[in-house]
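Structural description and commentary
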Amino acid sequence: MNNQTVIGVFDTQAQANSAKEALTKEGFTASDIDVSQYGSHGNRSDEYHDDHDNAIGRFFDNLFGDDDDDYDRRRTVGREVASRGTVVTVHTNGMDKAKKAASILDRYGAIDMDDRYQQYESDSFDASANRNRLNERFGDVDTDGTIEVVKEDIKIGKREVETGGVTVRSHIVERPVEEDIRLRTEKVTVTRTPVDRPADTADFRDQTISMKETAEEAVVSKTARVVEEINVKKDVDTRTETVRETARETEVDINQDGDDKLRNTEGTVRTDTDRNRNTDRDLV
C-alpha cells in the first residue's frame, strides 16, 4: 500500500481545527489526523522550548529521510515554519486521498512553507498584515477553539405492553348416560279347563271376552338447565417501580502546561514513505 503523509502548517489553531473538521466530514478518520500548536502568526508560543525544537527536527528527519537530495533545506524550512504555527498531519493510504487532503488543507489557508521561510529569514514577515488578510478570508481566525459540551436528558414514561391473557370459549360435548329401569309387560293367557256339569238355558248364548295386553317402554326426555355462569373481568393493580438509567454528559478538563501535543494543522507537505505513519509521534 502506497502510504502518503500530508502536512499543513497554519498561522492559527482555529484554522487547523476547522481543517480537521472538514477532513473528518470528507471521510478521513480522526485517528489519521494529528494537530499540534507551537505558535501563531509567525511567533513561537511562550511555552516553546528546546525539546520542542528537537522534536520537530526529528519529525522532519523521519519524514524526508537523509537520502533526500534536498534534505537539509527541507528540514530547516519545515522546522522553522512549523515552530511558529500549528501543524496538521494527515496519514492516507493512497495518492488520491493525499491529494484530497492537501486540497482541503489549502482551502483553509495552509502556509506556503518556502515562501514563509524566506519571509522569516529576510525579516519581512508582517504578522499584523497577515492577520488582517486571514480575517478577511476566513473571519476571526483568532477565535478560540470550541469544545461542544453534550448532556443527555432522560425522560422516563410508560407504555402499555401485552403480558398475557385469558381466552374463554364454550363448545358442546356429548357424554353417554346409562341407567337401569324396571319395565312391566302384560300378556294374556287363554286357559281351557275341562268341566262336567249340567247346562241350563243361560249357558246357550253368544259371549265375547276382550282383554288388552300392555307393556311399559322406556321414555327419555331431556330438559336443559343453566347450571353455571362464567364471568371474565380484569382486575387492575398498580405498583411503584424504580427505573435506573445512565445519562452521559461532557466534562471538560483544562490543563495549562507547556507541553502541547502536536495536532492536525493545515499545510501541504506530502511524502510517500511508509515510515511516515508514526513520525508525528516525535513531535510530542
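All values derive from a computational prediction rather than experimental measurement. (Residues numbered from 1 in each chain as written. Predicted model: local features only at pLDDT ≥ 70, side-chain atom pairs only at ≥ 80, totals over all residues. Heavy atoms only, no water.)

Helix and strand counts for the protein stand at six helices and six strands. Shown N-terminal to C-terminal, the secondary structure of the protein runs as helices and strands in the order β-α-β-β-β-α-α-β-α-α-α-β. Counting over 284 residues, the protein shows a buried share of 28%. For the protein, restricting intrachain contacts to residue pairs at least 6 apart in sequence, the fraction spanning at least 24 positions comes to 87%. (Helix = DSSP H or I, 4+ residues; strand = E, 2+ residues; numbered from the N terminus. Buried < 20%, exposed > 50% of the residue type's maximum accessible area, 1.4 Å probe, protein only. Contact = heavy atoms within 4.5 Å.)

Pairs may arise between side chains of opposite charge once their charged atoms sit close together. Considering all chains together, one arrives at six salt bridges under this definition. Measuring nitrogen to oxygen at the nearest pair gives 3.4 Å for the salt bridge that ties Glu 21 to Lys 25. Here Glu 21 pairs with Lys 25, and both are found in helix α1 (residues 13–25), just four residues apart, close to one helical turn. Note that Arg 184 is salt-bridged to Glu 186, the shortest N-O span being 2.9 Å. With a relative accessible area of 44%, Arg 184 lands in the partly exposed category. We classify Glu 186 as partly exposed; its relative accessible area is 30%. (Salt bridge = Lys/Arg side-chain N within 4 Å of Asp/Glu carboxyl O.)

Now for the environment of Ile 230. Structurally, Ile 230 is set in the loop between α6 (127–138) and β6 (269–271). Of the residues examined, Ile 230 reaches a relative accessible area of 64% and is grouped as exposed. Taking the C-alpha atoms as reference points, Ile 230 and Val 168, 62 residues apart in sequence, are found 8.8 Å from one another.

Our next topic: the pairing of strand β2 (residues 33–37). Most of β2 is tucked away, with four of its five residues classed as buried. With five bridges joining them, β2 and strand β5 (residues 86–92) adopt antiparallel strand pairing. Across the sheet, residue Ile 33 finds its bridge partner in β5, namely Val 90. (Pairing = 2+ DSSP bridges.)

Our next topic: helix α5 (residues 113–122). Structural remark: α-helix, 3.6 residues per turn; residues separated by three or four positions point the same way. When we look at burial in α5, the residues that qualify are Met 113, Arg 116, Tyr 117 and Tyr 120. Projected onto a plane normal to the axis of α5, the buried residues spread over an arc of 105° and lie on a single side. Between the side-chain oxygen at the start of α5 and the backbone nitrogen of Asp 114 there is a gap of 3.3 Å, and the oxygen is on Asp 112. (Arc of directions from axis to C-beta. Polar contact = N/O pair within 3.5 Å; in protein donor to acceptor, adjacent residues only side chain to side chain.)

In this section: the packing of aromatic side chains. Scanning the model with the defined rule gives one aromatic pair in all. For the ring pair Tyr 120 and Phe 125, a centre distance of 5.4 Å and an interplane angle of 80° mean the geometry is edge-to-face. Here Tyr 120 and Phe 125 have matching classes, each one buried. Arg 84 extends its terminal NZ or CZ atom over the ring of Tyr 120, reaching a point 4.2 Å from the ring centre. The ring of Phe 28 is capped by Lys 97, whose NZ or CZ atom sits 4.8 Å from the centre of that ring. (Phe/Tyr/Trp six-rings, centres within 6.5 Å; stacked < 30°, edge-to-face > 60°. Lys NZ or Arg CZ within 6 Å of the ring centre and 35° of its normal.)

Residues Val 6, Phe 10, Leu 23, Phe 28, Val 88, Val 90 and Leu 105 are the most contacted members of the largest nonpolar core, which totals 17 residues. For this core, the elements supplying multiple residues, two or more each, are β1 (4–10), α1, β2, β5 and α4 (95–107). Element by element, the count of residues in this core is highest for α4, at five residues. In this structure, Val 77, Val 81, Met 113 and Tyr 120 belong to the second largest nonpolar core, which totals eleven residues. (Core = buried A, V, L, I, M, F, W, Y, C linked by side-chain atoms within 4.5 Å.)

What follows covers a nonpolar patch on the surface. A contiguous nonpolar surface patch, about 430 Å² in accessible area, is contributed by Val 166, Val 168, Ile 230 and Val 232. Relative to the elements of secondary structure, Val 168 occurs in the loop between α6 and β6. (Patch = residues over 30% accessible without salt bridge, like charges linked within 9 Å, V, L, I, M, F, W, Y side chains within 5 Å. Areas by Shrake-Rupley, 256 points an atom, 1.4 Å probe, with all protein chains shown as cover.)

Moving on, we get to the packing of α1 against α4. Two elements in contact, α1 and α4, have axes whose closest approach is 9 Å; the angle formed by their N-to-C orientations is 145°. Helix-helix and strand crossings are classified by hand; for α1 and α4 the assignment is right-handed. Here α1 contributes Ala 19, Ala 22 and Leu 23 to the contact with α4, which in turn contributes Ala 101, Ile 104 and Leu 105. (Axes fitted to C-alpha atoms, helices over the stretch in contact; angles between N-to-C directions. Left-handed = near helix turned anticlockwise from the far one by under 90°.)

In this section: the layout of surface pockets. Taken as a whole, the second largest pocket holds about 880 Å³ of empty space. If you go around the second largest pocket, you meet 18 residues; those closest to its centre are Arg 159, Glu 160, Val 161, Asp 237 and Arg 239. Here the lining of the second largest pocket is composed, by residue class, of four nonpolar, five polar and nine charged. (1 Å grid on protein atoms, 1.4 Å probe; cavity = no way out; pocket = protein on both sides within 12 Å on 5 of 7 lines; lining within 4 Å. Points joined across faces, edges and corners; volume = space filled by probe spheres on them. Nonpolar A, V, L, I, M, F, W, Y, C, P; charged D, E, K, R; others polar.)

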